[in-house]
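Coordinate analysis (summary)
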Amino acid sequence: MTDQDNSYRPRSPDFSAFQTPISPSVNHPVYPFGNPLAHRASYDASPFFTPQYQQPPAPPSRVPQQYIYPFADAAHLYTDMARRSTRLAQAAEAAPPPQSKYIDPVVSEDEEPARPPSPSPPPPPPPPAPAAVPVEVKTKFPVARIKRIMQADEDVGKVAQVTPIAVSKALELFMISLVTKAAKEAKDRNSKRVTASHLKQAVAKDEVLDFLADIIAKVPDQPASRKHDDDGSDQNEQPKRKRGGRRPKDDSD
Amino acid sequence: MSDREFSSNDDLSLPKATVQKIITEILPPSSGQTFSKDARDLLMECCVEFITLISSEANDISEKEAKKTIACEHVERALRDLGFGDYIADVLAVAEEHKEQLKSREKKQSKMEQSGLSEEELLRQQQELFRSATEKYHAAPE
């Protein structure tokens, strides 16, 4: 571009001599928006002038970066979200147990029996507080995925922006209720390991969960876990190991 | 490539790691209980079914109102109709929170706030910038 432009530029030595000193501190023709020097950018871009520049320190060039954020809105939005979620994830990893500040009266009323003062086989660690009752989950579901699942149904058309977020929260509460109920079933059977059949029994007990009938029908009634581990030998701490490996194949079945 | 085959199928379940993390939050190691893998997989299926149920119900409700978009109140009504009324308060709170966030973003507050400077300070910096540029322009040494 500059080469072509050159042909249209005044070539008079007088003119160049006049122009050059005026722009002592600018090496590159980059002007912040609204800068009074902006109209001279095309002159500075010309190779005609460049060899004469003295490359001065250009002190004020650091200033604009602190203020002018021309089109960064979207980027801020996303980085903000990303940062938030990682922060949440880290927080969740770092400190899962302390949840006693917020107690939902409805839930605790429902799940009361999960914390009888007489824990069945081996009394669990010191905190006698309800281990699983008033849970506040910090990990969030990916909203985009929720939306996709919602719209997998052909009938479902457009969805407002908040809707998947609302559904995601509902799902979280739903999951808490299912897990808590299944855990209670397991406890009632003196099992430390919550299995699919415990979950099935929990679902079968609740009329509201009738819509899951087809899904739980696939699960065998007999607690499959019984055969290889009895109540006592159950203590193998499993969940840590599962964390690392992601095997998508398991998903499909 | 063949993304309409089974990759989409995979996408229509929840991310396993997230689900596992939430389970662990609900049943922390201190609870003495662990959640087996088959239970987790079943749970994930149930969750997807739950989403489908809610969105289909909410969709019906929105259609009855001749609305084209499923809004939060449709979800709210669906939850109530389906027997999950307990969830509504929390769900609405989250939705409200999100709306608030949106509002502040629309006003482009966030980028100003992120600079950590007051508006006056920013203005001052900009004026200074203009001034220094003008000075440079007029300086024109020999």
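Bear in mind that the values here come from a model prediction, so they are computed numbers and not experimental data. (Residues numbered from 1 in each chain as written. Chains lettered and ligands numbered in written order. Predicted model: local features only at pLDDT ≥ 70, side-chain atom pairs only at ≥ 80, totals over all residues.)

A count of helical and extended segments in chain A gives 13 helices and two strands. By residue count, 25% of the 253 residues in chain A fall in the buried class. Look at the contacts in chain A between residues 6 or more apart in sequence, and 61% of them connect residues 24 or more apart. (Helix = DSSP H or I, 4+ residues; strand = E, 2+ residues; numbered from the N terminus. Buried ≥ 20, exposed ≤ 12 C-beta atoms within 10 Å, placed from the backbone. Contact = placed C-beta atoms within 7 Å.)

A few words on the overall build of chain B. Of the regular secondary structure elements, chain B holds seven helices and two strands. Element order for chain B, N to C, with α for helix and β for strand: α-α-β-α-β-α-α-α-α. The contacts in chain B between residues at least 6 apart in sequence include a share of 28% that link residues at least 24 apart.

Before going further, it helps to examine the nonpolar core. In terms of nonpolar packing, the biggest core is built from 55 residues, with A170 and V179 of chain A together with L43 of chain B touching the most fellow members. Residue contributions to this core peak at 14 residues, all from helix 8 (residues 163-188) of chain A. Apart from residues lying up to four places away in sequence, L43 of chain B is in contact with M175, L178, V179 and L199 of chain A together with V19 of chain B. (Core = buried A, V, L, I, M, F, W, Y, C linked by C-beta atoms within 7 Å.)

What follows deals with helix 9 (residues 196-205) of chain A. Summarising burial for helix 9 of chain A: eight of the ten residues are buried, a large majority. For helix 9 of chain A, the set of buried residues is A196, S197, H198, L199, K200, Q201, A202 and V203 of chain A. Elements in contact with the buried residues of helix 9 of chain A: helix 8, strand 2 (193-194) and helix 10 (213-217) of chain A together with helix 3 (37-64) of chain B.

Quick look at the packing of helix 3 of chain B against helix 4 (residues 72-81) of chain B now. Residue and element names in this part refer to chain B. Interhelical geometry of helix 3 versus helix 4 gives an angle of 115° and a closest axis separation of 8 Å. When the axes of helix 3 and helix 4 are compared, the crossing they make is right-handed. Counted together, I54, E57, A58, I61 and S62 of helix 3 and H74, V75, R77, A78, L79 and D81 of helix 4 form the full contact between these two elements. Each residue belonging to the contact of helix 3 with helix 4 can be placed in one class, and the counts come to six nonpolar, two polar and three charged. (Axes fitted to C-alpha atoms, helices over the stretch in contact; angles between N-to-C directions. Left-handed = near helix turned anticlockwise from the far one by under 90°. Nonpolar A, V, L, I, M, F, W, Y, C, P; charged D, E, K, R; others polar.)

Turning our eyes to something else, we now look at the packing of helix 7 (residues 143-151) of chain A against helix 3 of chain B. Orientation of helix 7 of chain A relative to helix 3 of chain B, taken along the N-to-C sense of each, is 65°, at an axis distance of 8 Å. For helix 7 of chain A against helix 3 of chain B, the interelement crossing comes out right-handed. Residues I146, I149 and M150 of chain A of helix 7 of chain A form the contact with helix 3 of chain B, whose own contacting residues are V48, I51 and S55 of chain B. Of the residues that constitute the contact of helix 7 of chain A with helix 3 of chain B, the class distribution is five nonpolar, one polar and no charged.

Glycine aside, residues mostly have negative phi, and peptide bonds are mostly found in the trans state. In this structure, N190 of chain A is a non-glycine residue whose phi angle is positive, near 60°. One can find N190 of chain A in the loop between helix 8 and strand 2. A tally of 12 C-beta atoms within 10 Å means that N190 of chain A is categorised as exposed. One non-glycine residue, A66 of chain B, adopts positive backbone phi at about 60°. Within the secondary structure, A66 of chain B sits in the loop between helix 3 and strand 2 (69-70). Judged by the 6 C-beta atoms lying within 10 Å of it, A66 of chain B falls in the exposed class.

To continue, consider the confidence of the model for chain A. Residue and element names in this part refer to chain A. With 34% of its residues at a pLDDT of 70 or more, chain A shows a mean pLDDT of 64. Highest mean pLDDT in chain A belongs to helix 8 (95); lowest belongs to helix 12 (residues 239-244) (42). For residues 74-80, every residue scores under 50 in pLDDT, and the model assigns this stretch five contacts once sequence neighbours within four places are set aside. Between residues 223-253, whose pLDDT stays under 50, and residues either more than four places distant or in other chains, the model counts 36 contacts. (pLDDT = per-residue confidence, 0-100.)

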